[in-house]
Amino acid sequence: MKLKLFSFLLAGVLLLTSCASVFTGSKRNVLFESNPAGAKVYVNGMEQCIAPCNIKVKNNDRVDFRLDGYNERVVVMDADFNLVAILNGFSIIGWGIDALTGSLQRVNTKYVKVDLEKGSKKQAYIDYMEKGKGTITKVAINTENKSIETTIVLASK
């Protein structure tokens, strides 16, 4: 009898392990729009789509909207506590897995629309470089991780 009860409790704990990771995950599908339409949407520096579009994003993702002739707009995705994680109950393993996968928090919005202002502002570091206050000393391209590392030396005042 004790073995059956123990087996039942163990099965219950294992079935409820990492509920937020299993049921919702850490990413959410968000609709991005720009006014005017047609802005390129970048997530953490990587081009994803042209607005309007749906993209899966997670907490603290930086979303940039860029359109020629308009100032760039940046949105940082914020998140709230993922209520599905409560199903973990007293399972420390479940809470740990949800914390490691980032599923304890989930993006709290499903729709983002930005109004772009006319202008020709470029990225800040390009403006800085055009004024002759810095020089690029190194550019490293990592094709495996799809990243570019640029070292800029700023001139002293």
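Cut-offs and rules
Residues numbered from 1 in each chain as written. Predicted model: local features only at pLDDT ≥ 70, side-chain atom pairs only at ≥ 80, totals over all residues. Heavy atoms only, no water. Pairing = 2+ DSSP bridges. Helix = DSSP H or I, 4+ residues; strand = E, 2+ residues; numbered from the N terminus. Axes fitted to C-alpha atoms, helices over the stretch in contact; angles between N-to-C directions. Phe/Tyr/Trp six-rings, centres within 6.5 Å; stacked < 30°, edge-to-face > 60°. Buried < 20%, exposed > 50% of the residue type's maximum accessible area, 1.4 Å probe, protein only.

Novice: Lay out the sheet that holds strand S3 (residues 46-50) with the relevant residues and their values.
Specialist: Strand order in the open sheet formed by 4 strands is S3-S2-S5-S6, and the pairing between neighbours is antiparallel. Two strands close off the open sheet at either side, each with one partner strand: S3 and strand S6 (73-76). Direction aside, neighbouring strands of the sheet carry axes that sit 25° apart on average. The pairing of strand S2 (residues 40-43) with S3 spans 4 bridges and is antiparallel. What sits directly across from Val-43, in S3, is Met-46.

Novice: Pulling in residues and values, what's your account of the packing of aromatic side chains?
Specialist: Counting across every chain of the model gives 1 aromatic pair. Residues Phe-32 and Phe-65 carry aromatic rings whose centres are separated by 6.0 Å and whose planes lie at 55° to one another, so their mutual orientation is tilted. In this pair, Phe-32 sits in strand S1 (residues 28-35) while Phe-65 sits in strand S5 (residues 62-66), placing the two residues 33 residues apart along the sequence. The same class applies to Phe-32 and to Phe-65, which are both buried.

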